[in-house]
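Analysis of the macromolecular model
Given next are the chains, with one letter for each unit.
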Amino acid sequence: MSSPGAAVLLWWLSCGGSALWRYSSNSPNYRIFSTRSTIKLEYEGTLFSEWSVPGTCSVKNKRSPKTELRCSSPGVQTIKPIVTGPDLEEERYLSVDNSHTCFLWYYKVINFMHNLTQVIVIWIYDPENADPNELLWNANEPSLNSIILSKQLATLGQTPIVYTILKRKVYFPHTTMKNGTWHVSVPMTADDILKEIRGNQVAFQDCFIADFLLLLTFPLLTIPEMPGFLPISSPRGSQLMADWSACVPASVVVVADMETFQTNDSFRTWTRIRVPPNTLTDNERHSVSDVNLSQDGIFFLINGILYIKSFHAFTRLGRNESLPDGGIIGITSRKWCWVKYLLKAKRESSSMAIWTENEVYLGYTLLKFVKIITTEKLKNLLNVPPAATLTIHNVEYTGHPLELALLLNHCIICTVSKKIYLVIYNEDSKEWVHQDFTLDVTMDTFLIPRFLYSAMPEFILWDKHRVYYYYYNLTDTGVLQTPTEFGNLSRLSRDSTIHDVFIDYYGNIVVKMENNIMFYFKIHIRDAVKLHLWTNSAIKSLTCMNASGQVYLIYVFEDGTIHPQEYPLKLEAQSVAFKTKEKCPYLAFHDNIFSVFYFLDKGQNLSIWAQIVYPENVGLYVIVESYGPKILEEKHQVHYEIALGYCTKTMTVTFSQNVNYEAVDDYFKLQDQNTGLLLVQIRPSEYAKTCPVAQKVFQVAVGCDGSKYIAVKGFNKKECLQHDFLYIIEKSYLRDRPSKNLRVRYNWKEYGCPLRVNFREKFHPLLQLYDDNGYVEDVEVNFIVWEIHGRDDYTFNTTMKKSGCLNEAQTWKSMIELNKHLPLEEAWGPQNYKHCFSYAIGKPGDLYQPYEIINKSNYNHLVWPTGHSGMYVFRVKILDPNYSFCNLTAIFAIETFGVIPSPSVYLVASFLFLLMLLFFSILVLSYFYYMRTYRQYIYEPLHKPERKQKTN
């Protein structure tokens, strides 16, 4: 791989004699383009004479094709080269700002895989006085000038933070600077990858630091080049084709007619993708017709067969993967990134689509493929006669995170013309919807669709010469117009054909012709303007988007090298607009939409506002449109002001849902009917190419937020000494009264640390709600608890009557009896909860039973048995059916102590028996002992008479 300088040299040499000129700055993405910036001018051609610049600007060397320009005054500066000969070079109108933003943040990332964290090393640099490595963005440490600048601003109070756009989390740097750098530790994430480096409002020499947007995800690897492997490419002479990850646009694969390239950093570094020998013939290796980048690898479409190149192999896909062995005509992937979305069916959404003339397949991770439709079934949907011909023309993912669009060919005779139909498939509901769209084209016409970043189904189509637009839910349609030639872009670009169309999140649309002439328009605009020539027609190029969402061009050279170049789309569009005198109809368009995804749970609402400022008597207003199921109520309120010739309209929109889920016939069905995903967009009523942002698009998901959970206050899983622990539950304490005692192994990971409670103390659980951002609120609604191992030797201190019940309340005993076919945890919940505070609900009964429902304010406590201590593991569940779509549960453990253990009855009886036996044994032995003594003294005299001695 050659250096960027060598690539630029090759580019310069390959430009031939064609004349064009460009400009550049040291600031990445032209972020700083002001009176302080050095503007580098570059002319390509042989007829250059000198530069023509206004008096407020100075040129370093007026007669050099490569020179530097500085403008001392802000405003629109007219710049053009003067050439010899009759032809004139086009002039540009460069908008030079008078900005106090002079410095930028520089960062590099150090990955730590052992704990899945990333350390972002940050420092400040001045683009006008930076080290070359910093300008090329490959510096590993700050230059001396950057160290001094960073320390100087740090002494003035400057400290960077890392702010995440999606989850709005803030990460602060470590306490001290190291060698003029700050270090910020952030966790590796896949759903919070869009981050921004922000600083304090601290100025040095009247200069501030611009915030820096970056994309930071798990470390991504490119497939390595293997010695001896062979190139894989498109047919000789074909244009570049590329694919990139929707959520990581810096990860790109480009297929040229001599090599395939892959990058993970917008081609600052890159590798070649090659295949093992003897896997493909030479003709097959140079016949790639489509490419797709995925988590599993890189998919190549070659002669109707799908292949995948992964880290370890190059594999042909077919019948074994539920795909056809041939006849595939196209593959595509998602173009817009939705990190979060609501999927009711609890399935994985597809990552790519594959189609033949008559079948459509969806691809998932781990090489799973599913056929979803055939044209025979689509004929029934479209009411097409069986004898007619219906084939798949093209397939494209829409702007909706769960929808896929099919363009279909329909003809009867199929010799001259055909009709194009459109159907949209929803992956969640599995519904096919025929759209109000029909287009008559010739048989040889091939159309490529690209859906716009909008809530409504809006897209553009293009063939070789024209672009068709379909705006506002397909109600505003036509051919993109130009000042001449009635929309035929080929006639305005030296008979070249359309190569590709680039669309970004800001509504910008660039049509690139094969000879690198580009046209520009914006979403909801019906005409295009020709941009200044930027690239020589001999260079093969492609338009892409980098990690900061900015446009750059990819150039591929004949020697098999690739080179990226930032493209100043905003400045180029402003230059053309200045010449055409087009102005934005409004002065400002503001809103408070800070996220692209909002969750609405039961009882919640969402209020957003948008404000438009415009000249008096223009008559603009704010439009709010939604696309999806009709499950939310919208309330609009408009506030209007006028002052000093300008009008301000502010619209406030509140989304809410008013459904009562208590005591309904089918709780789960009603929930399903009122959950779903809506896409909402807010836009001004009129728009122009010079307006900054077209519209705001965001999702409103009504349903269960998977990040929500509840916990019992005072419990944790770490602040205790964990050890292997077994305990026995006496069979008489269990609800089912089994024949044997229950032996339980305590699961520390699941149960957490048990709370030790004196048996005389009543316990009232306090539930708290959390989400990804931490604590949300204390739970005040009703909930129930049960011991997960079946213990029932506890009770509650409050009775039904004391709680205010008018009829007998639900209890675990009654609910288990009613739902014998269900497991314990499903027998009672929000789906069948009925309160006891009405005579119309329930039935009379014993109101002196314990009331087993707890909430924050009813002071209902758990009461422990006084005869024994024990270990209790409780699960708690939210019972209120109007609190959340989620089945919110939590586990907590309690160990009671303080009870003096009572001796066993059998032990006491045995002891008394032994004591009595001993007593009677002693008594009997005493009796016999005294009887023997007594007999001895009865039958034998107390004093025996002395025997007389015999005398001899």
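Please refer to the structure higher up on the page.
A brief look at the structure comes next. Keep in mind it's a predicted model, so treat the numbers as computed, not measured. (Residues numbered from 1 in each chain as written. Predicted model: local features only at pLDDT ≥ 70, side-chain atom pairs only at ≥ 80, totals over all residues. Heavy atoms only, no water.)

Topic: the overall build of the protein
Quick reminder of the rule: Numbering of helices and strands starts at the N terminus; helices are DSSP runs of H or I of at least 4 residues and strands are runs of E of at least 2. Just to be clear, the radius of gyration here is over C-alpha atoms, and the globule rule we use is 2.2 Å times residues to the power 0.38. Only protein chains enter the area calculation, which uses a 1.4 Å probe; residues under 20% of their type maximum are buried, those over 50% are exposed, and those in between are partly exposed. Every residue pair with non-hydrogen atoms within 4.5 Å of one another is taken to be in contact. Exposure was quantified through the Shrake-Rupley algorithm and a 1.4 Å probe, taking into account, for residues, occlusion by the shown protein chains and nothing else. Charge assignment in this entry is limited to Lys and Arg as positive and Asp and Glu as negative, and neither His nor the chain termini are counted. Throughout, a charge is located at the NZ atom of Lys, the CZ atom of Arg, the CG atom of Asp or the CD atom of Glu.
Assigned secondary structure in the protein consists of 11 helices and 63 strands. Here the C-alpha radius of gyration of the protein, 39 Å, is well above what a compact globule of 952 residues would show, namely 30 Å. Expressed as lengths along the three principal axes of its C-alpha atoms, the size of the protein is roughly 185 × 75 × 75 Å. Among the 952 residues that make up the protein, the fraction classed as buried is 51%. Contacts in the protein between residues far apart in sequence, at least 24 positions, make up 62% of those at least 6 positions apart. Counting only carbon and sulfur atoms, one obtains 53% of the accessible surface of the protein, whose full area is about 46,800 Å². Considering the protein, the positive charge centre built from 92 side chains and the negative charge centre built from 93 side chains are found 8 Å apart.

Let's talk about the state of the cysteines
Heads up, the rule is: When two cysteine sulfur atoms lie within 2.5 Å, the pair is treated as a disulfide.
Taken as a whole, this structure holds 8 disulfides when the rule is applied. C102 shares a disulfide with C207; S-S distance 2.2 Å. Residues C102 and C207 are joined through a disulfide that is left-handed, its torsion about the S-S bond being -60 degrees. Here C207 lies in the loop between strand 13 (194-198) and strand 14 (208-210) and C102 lies in strand 8 (residues 101-112), a separation of 105 residues in the sequence. We classify C207 as buried; its relative accessible area is 8%. Each sulfur of the disulfide joining C247 and C337 lies 1.9 Å from the other. Between C247 and C337, the S-S torsion sits near 95 degrees, and that sign places the bridge as right-handed.

A word on helix 5 (residues 375-382)
The condition is simple: Of all possible arcs, the one meant is that of the directions from the helix axis to the C-beta atoms.
Among the residues of helix 5, T375, L378, K379 and L382 are the ones counted as buried. Seen from one end, helix 5 has its buried residues packed into an arc of 110 degrees, which puts them on one side. Residues E376, K377 and N380 are exposed on helix 5 and point more than 90 degrees away from its buried face. On its buried side, helix 5 packs onto strand 29 (368-374), strand 30 (389-397), strand 31 (403-411), strand 32 (417-426) and strand 33 (431-442). Directly beyond the C-terminal end of helix 5, a positive phi value near 55 degrees is found at N383.

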